[in-house]
Amino acid sequence: MTRQWLLALRPDPDRAVESVLPWAATAAATETLGEDPVRWAAQTASVMAAEILGEVPEHGGGQPQITTLRRSTESAVLATLRMLLSQPSQSAAASTDETREGCREFARRGIPLDRVLRGVRLGHARLAHDLAAAIEEHVPADARVAELREVSELLFAYTDAHSSEMAEEYIAERDRWRGSDQAARRAVVDDLLAGRKIDEPDATRRLRYDVCRTHVAAVLRCDRAEAGLPAPERLQRTAADMARAVGAAGMLLTPHTETTAWVWLALPGDGTARPAEKLRSGVEPPPGVYAALGPTGQGPQGMRRSHLAALQAERIALQAGSGWLCDYRDVRLVALATAEPEHARWFVQDVLGPLASDGARMWELRETLRIYLAEEHGLRTAADRLHVARNTVTYRVKRAQELLPTSDDAYSSLELRLALEIAQTL
């Protein structure tokens, strides 16, 4: 290996940034680079995405689109670091699954190719700047000029190859998309989710789905590594199983990426029953497929609200895990409180103090106190939920209380209960 200074990259401790890549991708990068360089990459990619959005606002449009951009930039930064570390003579193999997926989405959204490539160049400039600063910090003075020159040449070659691959991917997807019925359907969905007024009969005809009914939205996500059927087919089958379980009068499925899909189910009757209960009892958990469910809603605005809530439930599920199905109604408080994750972490640290520390023991104390408060200080019911003795609950609650920043009955406050719920997720 060469360029061992890459292993010394460290993230800014005052600016926590969560990775938006699947766990398997960050785990593979961590095995090669180490935890700190991977966190550095996430921070750099976050800044990169913000600068691209500032210069090319077409890349945005909503949280899902921003997340797609973040995945592309983070994946590209990690791929570049690994190339520089272990493949100094190779400047090809520039694209990743995430960058290709993002490029296809840009094509489907009709973003001009020159604007897409402008984003690539902006990202290259940011990464080159940050790597130059790292060379200045970590490379001995007598070797800096040569190292900077070689890294700059490799980055230029990488970006050139990356731009070419992105252009080819974009043109191929654009040509496929323009000739498909899916493009017209997606345009209606985009208008609906943007809150623009739509012609309801026309939208119903184009979508082949009655937009005036009572709906529940779901965001389906498929594990690419799971063996068996291709991801689109697994998503389609899962959506059909969900529709059968709730007795849906109609189903609308819109592919979002290669491994995710947006689904709406038209509920029978007035839709007052809670669909999650029917889904948990009536659907066999599909291998490698996960669903985030929104609340029920009426008409086009209900479709929009349910979908946006399902996206929040998916965010919580990705952070905390929730089995195969995450219902927004179960996590809506935490979703609201963690809309700004960094602020949520500050809040948890302020309220919990030492109790917010890492480690299995601290998690055990927090979870016991959370259940105890949720059961309104009921020792027996808390012990039953935790499957431990009452004395164990008493001891853990007392120990947790001692770790809180104040002893002025803070453990009964709303802020404490909220901080414990957030800590369970983050």
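Scoring rules and cut-offs
- Each residue is numbered by its place in its chain's sequence as written, counting from 1.
- Only residues with pLDDT of 70 or above have their local features reported here, since the model is predicted, and side-chain atom pairs are shown and tallied only from 80 upward, although totals for entire chains, interfaces and linings are computed over all residues.
- Calculated side-chain values reflect all of the structure's heavy atoms, with hydrogen atoms and water omitted.
- Runs of E in the DSSP output that reach at least two residues are strands. Runs of H or I that reach at least four are helices, and both are numbered from the N terminus.
- Every definition here rests on a 1 Å grid over the protein atoms only: cavities are sets of points where a 1.4 Å probe fits but cannot get out, pockets are open sets enclosed by protein on both sides within 12 Å along at least five of seven lines, and lining residues have some atom within 4 Å of a point.
- Grid points are joined across faces, edges and corners, and a volume is the space filled by probe spheres set on the points.
- Under this grouping Gly is polar, as are all residues other than the nonpolar Ala, Val, Leu, Ile, Met, Phe, Trp, Tyr, Cys and Pro and the charged Asp, Glu, Lys and Arg.
- Axes, fitted as lines to C-alpha atoms, cover a helix only where it is in contact. Angles between the N-to-C directions of the axes lie from 0 to 180 degrees.
- Angles below 35 degrees are treated as roughly parallel, those above 145 as roughly antiparallel, those between 65 and 115 as roughly perpendicular, and all remaining angles as oblique.
- The sense of a crossing depends on the near helix, which, turned anticlockwise from the far helix by less than a right angle, makes the crossing left-handed and, turned clockwise, makes it right-handed.
- Contacts: residue pairs with any heavy atoms within 4.5 Å of one another.
- DSSP bridges decide pairing: two strands pair if at least two such bridges lie between them.
- Here, the term nonpolar core denotes a set of buried Ala, Val, Leu, Ile, Met, Phe, Trp, Tyr and Cys residues that are joined through side-chain atoms within 4.5 Å.
- Think of it in three bands: with a 1.4 Å probe and only protein chains considered, a residue is buried below 20% of the maximum accessible area for its type, exposed above 50%, and partly exposed in between.

## Some remarks on unusual backbone geometry
- One non-glycine residue with positive phi stands out, namely E376, at about 55°.
- Backbone geometry at H387 places phi at a positive 60°, although glycine is not the residue there.
- Relative to the helices and strands, H387 resides in the loop between helix 15 (379-386) and helix 16 (390-403).

## Regarding empty space enclosed by the protein
- One pass over the full model with this rule turns up three cavities of 30 Å³ or more.
- Space inside the largest cavity adds up to approximately 290 Å³.
- Looking at the largest cavity, it is lined by 22 residues, and the ones nearest its centre are M48, A76, G119, V120 and H162.
- Among the secondary structure elements, those contributing two or more residues to the lining of the largest cavity are helix 2 (35-55), helix 3 (63-86), helix 4 (97-109), helix 5 (113-138) and helix 6 (141-178).
- Here the residues of the lining of the largest cavity sort into 12 nonpolar, 10 polar and no charged.

## Quick notes on the packing of helix 7 (residues 181-193) against helix 8 (residues 200-207)
- Direction vectors running N to C along helix 7 and helix 8 enclose 140°, while the axes themselves pass 9 Å from each other. Between helix 7 and helix 8, the crossing angle belongs to the class labelled oblique. By crossing handedness, the relation of helix 7 to helix 8 is classed as left-handed. Taken together, the residues of helix 8 that come into contact with helix 7 (itself represented by A184, R185, V188 and V189) are A203, R206 and L207.
- Classifying every residue of the contact of helix 7 with helix 8 by side-chain character gives five nonpolar, no polar and two charged.

## Structural notes on the side chain of E173
- Along the polypeptide, E173 turns up in helix 6.
- Leaving out residues up to four positions away in the same chain, E173 has contacts with R104, A107 and R108.

## Some words on the sheet that holds strand 5 (residues 325-327)
- The strand order across the open sheet formed by five strands is 2-3-1-4-5, and the pairing between neighbours is mixed. The two strands at the open ends of the sheet, each matched to only one other strand, are strand 2 (250-257) and strand 5. Here the strands of the sheet are splayed against their neighbours by 20° on average, with no regard to which way each runs.
- Relative to strand 3 (residues 260-266), strand 1 (residues 214-222) runs antiparallel, the two sharing seven bridges. Counted as the bridge partner of H215 is A266 from strand 3.
- Each of strand 1, strand 2, strand 3 and strand 4 (289-298) is contacted by helix 9 (residues 231-246), which is oriented at about 150° to strand 1, the strand it contacts most.
- Across the sheet, helix 10 (residues 275-282) is in contact with strand 1, strand 4 and strand 5; its angle to strand 5 comes to roughly 165°.

## Quick notes on the nonpolar core
- Core analysis: the largest hydrophobic core is formed by 44 residues, its most contacted members being W5, L6, V77, L81 and L131.
- Mapped onto this core, the elements with two or more residues apiece are helix 1 (23-33), helix 2, helix 3, helix 4, helix 5 and helix 6.
- Per-element accounting of this core gives the leading share, nine residues, to helix 3.
- If we skip the residues at most four places from it in the chain, L81 touches L6, L9, L33, P37, W40, A41 and L131.

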